[in-house]
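Here is how the chains run, residue by residue.
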Amino acid sequence: AAGVIQSPRHLIKEKRETATLKCYPIPRHDTVYWYQQGPGQDPQFLISFYEKMQSDKGSIPDRFSAQQFSDYHSELNMSSLELGDSALYFCASSPAGGHSYEQYFGPGTRLTVT
Amino acid sequence: SQKIEQNSEALNIQEGKTATLTCNYTNYSPAYLQWYRQDPGRGPVFLLLIRENEKEKRKERLKVTFDTTLKQSLFHITASQPADSATYLCALDRGFGNEKLTFGTGTRLTIIP
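Cut-offs applied
Residues numbered from 1 in each chain as written. Chains lettered and ligands numbered in written order. Predicted model: local features only at pLDDT ≥ 70, side-chain atom pairs only at ≥ 80, totals over all residues. Heavy atoms only, no water. Phe/Tyr/Trp six-rings, centres within 6.5 Å; stacked < 30°, edge-to-face > 60°. Helix = DSSP H or I, 4+ residues; strand = E, 2+ residues; numbered from the N terminus. Buried < 20%, exposed > 50% of the residue type's maximum accessible area, 1.4 Å probe, protein only. Pairing = 2+ DSSP bridges. Axes fitted to C-alpha atoms, helices over the stretch in contact; angles between N-to-C directions. Contact = heavy atoms within 4.5 Å. Buried area = accessible area lost by both parts, 1.4 Å probe. Salt bridge = Lys/Arg side-chain N within 4 Å of Asp/Glu carboxyl O. Polar contact = N/O pair within 3.5 Å; in protein donor to acceptor, adjacent residues only side chain to side chain. Nonpolar A, V, L, I, M, F, W, Y, C, P; charged D, E, K, R; others polar.

A.B. asks: Describe the packing of aromatic side chains, and please don't skip the residues or the numbers.
C.D. replies: Under the definition given, this model contains eleven aromatic pairs over all chains. Both rings, one in Tyr35(A) and one in Phe103(B), keep their centres 5.8 Å apart while their planes meet at 80°; by these two values the pair is edge-to-face. Residue Tyr35(A) is found in strand E4 (residues 29-37), and its partner Phe103(B) is found in strand E10 (residues 102-103); the two belong to separate chains. Each member of the pair, Tyr35(A) as well as Phe103(B), is classed as buried. Ring geometry for Tyr36(B) against Phe103(B): centres 5.8 Å apart, planes inclined by 65°, an arrangement best described as edge-to-face. With Tyr36(B) in strand E4 (residues 32-38) and Phe103(B) in strand E10, the pair connects residues that are 67 residues apart, well separated along the chain. For the pair Tyr36(B) and Phe103(B), a shared accessibility class is recorded, and that class is buried. Following the ring pairs from residue to residue traces out a cluster consisting of Tyr35(A), Phe45(A), Phe90(A), Phe105(A), Tyr36(B), Phe46(B) and Phe103(B).

A.B. asks: Residue-level account of the sheet that holds strand E3 (residues 19-24) of chain A, with values.
C.D. replies: All names here are of chain A. A sheet is described by the order of its strands in space; here four strands give the open sequence E1-E3-E8-E7, paired in antiparallel fashion. Two strands in the sheet have a free side with no partner beyond their single neighbour: strand E1 (5-7) and strand E7 (64-68). The sheet shows a mean angle of 15° between the axes of neighbouring strands, direction not considered. Two strands pair when backbone bridges link them, and E3 and strand E8 (residues 74-78) are joined in this way by five bridges, in the antiparallel orientation. Paired with Thr20 across the bridge in E8 is Asn77.

A.B. asks: An account of the sheet that holds strand E7 (residues 62-67) of chain B is requested, with residue identities and associated values reported.
C.D. replies: Residues and elements named next belong to chain B. Taking strand neighbours across the sheet as the criterion, the five strands line up as E1-E3-E8-E7-E6 in an open arrangement whose pairing is antiparallel. The open sheet terminates on both sides in strands that have one partner only, identified here as strand E1 (3-6) and strand E6 (56-59). Averaged over all pairs of adjacent strands, the angle between their axes in this sheet comes to 15°, without regard to strand direction.

A.B. asks: Quick one: what's the story with the interface of chain B and chain A, residue by residue and with numbers?
C.D. replies: With 22 residues of chain B at the contact, the number on the chain A side is 23 residues. For the pair chain B and chain A, the summed buried surface comes to about 1700 Å²; carbon and sulfur atoms form 55% of the total. Taken together, the links from chain B to chain A amount to zero salt bridges. Seen at the junction of chain B and chain A, the total is four residue pairs in polar contact (both at pLDDT 80 or more). Of all the secondary-structure elements, those providing two or more residues to the side of chain B that touches chain A are E4, strand E5 (45-51) and strand E9 (86-93) of chain B. Ranked by the residues each element gives to the side of chain B that touches chain A, the list is headed by E4(B), at four residues. In terms of residue class, the side of chain B that touches chain A is built from nine nonpolar, nine polar and four charged.

If you want it as structure tokens, here you go:
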């Protein structure tokens, strides 16, 4: 079965650089979520999109922005990177209609800021 | 503020025994409680979802209970196997559909052969 695809899987950036993370949800899933997981921590919700519109926003820094495109893939743009941004970034998707509530997570992008 | 605690940061269980993990929450009225498994460096994998009007849910060797009065969920793995070793996360949402998940602190389970 198709799964959530994230790219790149690993990314190394220097402080103050920018990064773009991509997420391709499972086909026919219309909702995408972004989570950040620091070492030894639980995933923290950043932002979500439903039908290409932002549906919820968590503790996402102003330096970050995201969008969902017409093909439902999503991109998380991170600017002025800081050392503290080093983490695993997960994208998750859920099916259309809102009747299923479980989320399907991708393999994650490991971002290292040096 | 919302707080979700999983009582044991780490739990070691002998193979073949039942592993029981606890998820407690405060200042929160979720409608749905979910359990996920996460292996190191990988994304969480959905296991079970239980609704607030359900007391118990089962799937193969897994069982989840949900007590909204105690604000607690118990997650059981029966006949545990070394392959069950992973971090288990509980997560809450209000049940409106397509909503963010608020995760617990996680329990790292190790099944000892």
